[in-house]
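Chain by chain, the residues:
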2 protein chains.
Amino acid sequence: MIRIAIDAMGGDFGPEPIIEGVIQALDEKKFLPILVGDREQIISFLPQYYLNKVEIIKASDVISMSDQATQALKRKESSIFKAVELVRDGKADAVVSAGHSGATMTLATLRIGRLPGISKPALATIMPNKSMSAKTLLLDVGAVTDCTAKNLYEFAIMGEVYAKKLLGLKNPTVGLLSNGEEDSKGNALTKEAFKLMHSVPGFKGNVEGSDIFNGSVDVVVCDGYTGNIVLKASEGVVSTVFDLMKTHIRKSIPAKIGAFMMKKKVFKKLKEKVDYAEYGGAPLLGVKGCAIISHGKSNSKAIKNAIFQAINYNNSGVNSTIEELLKKNNA
Amino acid sequence: MIRIAIDAMGGDFGPEPIIEGVIQALDEKKFLPILVGDREQIISFLPQYYLNKVEIIKASDVISMSDQATQALKRKESSIFKAVELVRDGKADAVVSAGHSGATMTLATLRIGRLPGISKPALATIMPNKSMSAKTLLLDVGAVTDCTAKNLYEFAIMGEVYAKKLLGLKNPTVGLLSNGEEDSKGNALTKEAFKLMHSVPGFKGNVEGSDIFNGSVDVVVCDGYTGNIVLKASEGVVSTVFDLMKTHIRKSIPAKIGAFMMKKKVFKKLKEKVDYAEYGGAPLLGVKGCAIISHGKSNSKAIKNAIFQAINYNNSGVNSTIEELLKKNNA
């Protein structure tokens, strides 16, 4: 049975939504949750029925959002340190955390270690796009702020394999994020990376910012500084569009009625489409194991989906395929 | 009277919307448009009444969107080359072009030249934000793909002055685009730039992608690679949100009626807010003169507003203020 170490203390809302997510996941799938954190708090949110379906590992410390990621290695009693350590020691198959993402990435990278051939892991996130069913995988969104061309090449390989194995795409296409589609476009980094991309399956060349959302490619590769900014800017745009809409709706009675009539069939569907809870968390690709980084504001549904993502990740053979592809390309 | 050189041939839709924009501008303000391009075509779109209100300069060549910006310097008969040359030669006070933006930037930078103290000009664009009235100035959005820390510092100075002089803000605030708000966040470039920013009036520290749209600062500074990607990604998000909305509306009769009721008071207002035609063009800050780069898809309204922007630019003293501030900071 797959064992998932879960940082029960991480996340902006404490253990409650996390434990709830675990319960929802247990109701649908068979796996062993290993809950790491304050035993009493965990038990207080866990109905009797589920007590013998989970393992609890005590951790007395919690790394808070305001702490520095660099402290993570020293805080050995923290829930995230102990959860990562379970994967390192082979006592868990994956770790899921909605806590300090920098700390989780640092610990997963340094304590679990990298896959052979990977110089730096990348954080991948799913972006909704124009198509009703498809999504775009964007990486890196914040693990490596200063990348080398080789990093970007590895990100492309990992993204392609993840899209194939986890998003169910037969022949995923890959684009390199740039300031224009022409081969000659890009900054010094992407121009150098471009030359390495020929051996990435499905590589389609440079893509622009708009291509992340129009479904023209399945995987978009960039450095973590740019990816993080694009991710937050996109969330900002969506939130601004809806805020402005609400402001205008409030001012007009016909608009209020109109908005009510659109609620179920339009706004609810849109909300679902842009709701990260639907997509689970962001996998840290390139670590020798599986680490899923969930949004700090994760609700129970987001945690449930992150757990399912970890289970699928383990069943998919994504890591071994990445290793093989890198080895083949280097041969 | 202010003389504005206008590339009459640039833009995706040929001379028609450009000449129409000039006519609309002439109906509202006094200035001398110097139209550069094919004389016959220009005259064919120009009613008799306006003939003696404009100057026409013949240009037999047009740089098309598929041409390389590097060719611009050699294409001396092109409309954009000749329009820029008018500013260089002191025969025009500003140039407005909706043509090949790379060519316009190259020509404006190399033929008109840079302001004293400016190492690289930056393209600045206005982004709508959450506030009903305010906007955010983002620069650079594509002039300099590989920046130095000094470039970013100069962009910050130029953005602050532009916001004060052209956007009517008394004490504009300035943020450095980064992957987190903490001082320690950023890539190698922005970390170095951060150290130079203390002498930028209104500097507020690092800002995130979402801050471009929530109105938390007035000016956001970044390198041209990142800015270009953020700009196009934001346009992509808006277009995707509206496309998805339309798809859902089409499937439900109540939603269709609801959308109709929201049309005038909500959707129209939103469209205005995100319509670049309202904002004119993007100024290339740092050139010894005034160059306004308009969107290739500019309609007549966008051209009219770009012309007004050029007039305001010339009346504002923005260039001399930038010079003075740089000199003062270096002293």
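The next point concerns the overall build of chain A. Broken down by element type, chain A carries 11 helices and 11 strands. Since a compact globule built from 331 residues should have a radius of gyration of about 20 Å, the 20 Å found for chain A is in line with a globular shape. By principal-axis analysis of the C-alpha atoms, chain A measures approximately 65 × 60 × 35 Å. Taking all 331 residues of chain A together, 58% fall into the buried category.

So, about the side chain of Q309 of chain A. With respect to the element layout, Q309 of chain A can be found in helix α10 (residues 300-316). Residues within four places of Q309 of chain A in sequence aside, it is in contact with Y162, L166, Y279, G280, G281, P283 and I292 of chain A.

The next subject is the interface of chain B and chain A. Listed as interface residues are 56 residues of chain B and, on the opposing side, 56 residues of chain A. Approximately 4,800 Å² of surface area, both sides summed, lies buried where chain B meets chain A, with 73% of it carried by carbon and sulfur atoms. Taken together, the links from chain B to chain A amount to 2 salt bridges. At the junction of chain B with chain A, the criterion picks out 10 residue pairs in polar contact (both at pLDDT 80 or more). Broken down by secondary-structure element, the contributors of at least two residues to the side of chain B that touches chain A are α6 (188-196), α8 (224-250) and α9 (253-274) of chain B. With 21 residues, α8 of chain B is the largest single contributor of residues to the side of chain B that touches chain A. Here the side of chain B that touches chain A is built from residues that sort into 24 nonpolar, 22 polar and 10 charged.

The next subject is the sheet that holds strand β7 (residues 174-177) of chain B. All names here are of chain B. If you walk across this open sheet you meet the 11 strands as β3-β2-β1-β4-β11-β10-β5-β6-β9-β7-β8, and the pairing is mixed. Since the sheet does not close on itself, it has two edges, and those belong to β3 (55-58) and β8 (203-207), each with one partner. Pairwise comparison of adjacent strand axes, ignoring direction, gives a mean angle of 25° for this sheet. Pairing analysis gives 3 bridges linking strand β4 (residues 94-97) to strand β11 (residues 291-293), with the strands arranged parallel. What sits directly across from V95, in β11, is A291. Strand contacts of α6: β7 and β8, with the helix running at about 155° to β7, the strand carrying the most contacts.

This brings us to the nonpolar core. Judged by nonpolar contacts, the single largest core of 107 residues is most densely connected at L177, M245 and M262 of chain A together with L177, M245, M262 and F267 of chain B. At 12 residues, the largest contribution of residues to this core is made by α8 of chain B. Apart from residues no more than four positions distant in its own chain, L177 of chain A is found in contact with T190, V207, E208, G209, I212, V220, V221, C222, T226 and V230 of chain A together with Y225 and I229 of chain B.

A few words now on helix α1 (residues 15-28) of chain B. Residues and elements named next belong to chain B. In this model α1 runs 20 Å from its N-terminal to its C-terminal C-alpha over 14 residues, within 8% of the 20 Å that 1.5 Å per residue would give. When we look at burial in α1, the residues that qualify are P15, P17, I18, I19, G21, V22, I23, A25 and L26. Contact partners of the buried residues in α1: β1 (3-7), β2 (32-37), α2 (39-45) and α10 (300-316).

With an omega of 5°, the peptide bond between L139 of chain A and D140 of chain A qualifies as cis. Looking at the secondary structure, you find D140 of chain A in the loop between β6 (135-139) and α5 (149-165).

Cut-offs and rules
Residues numbered from 1 in each chain as written. Chains lettered and ligands numbered in written order. Predicted model: local features only at pLDDT ≥ 70, side-chain atom pairs only at ≥ 80, totals over all residues. Heavy atoms only, no water. Helix = DSSP H or I, 4+ residues; strand = E, 2+ residues; numbered from the N terminus. Rg over C-alpha atoms; globule rule 2.2 N^0.38 Å. Buried < 20%, exposed > 50% of the residue type's maximum accessible area, 1.4 Å probe, protein only. Contact = heavy atoms within 4.5 Å. Buried area = accessible area lost by both parts, 1.4 Å probe. Salt bridge = Lys/Arg side-chain N within 4 Å of Asp/Glu carboxyl O. Polar contact = N/O pair within 3.5 Å; in protein donor to acceptor, adjacent residues only side chain to side chain. Nonpolar A, V, L, I, M, F, W, Y, C, P; charged D, E, K, R; others polar. Pairing = 2+ DSSP bridges. Axes fitted to C-alpha atoms, helices over the stretch in contact; angles between N-to-C directions. Core = buried A, V, L, I, M, F, W, Y, C linked by side-chain atoms within 4.5 Å. Expected span 1.5 Å × (residues − 1).

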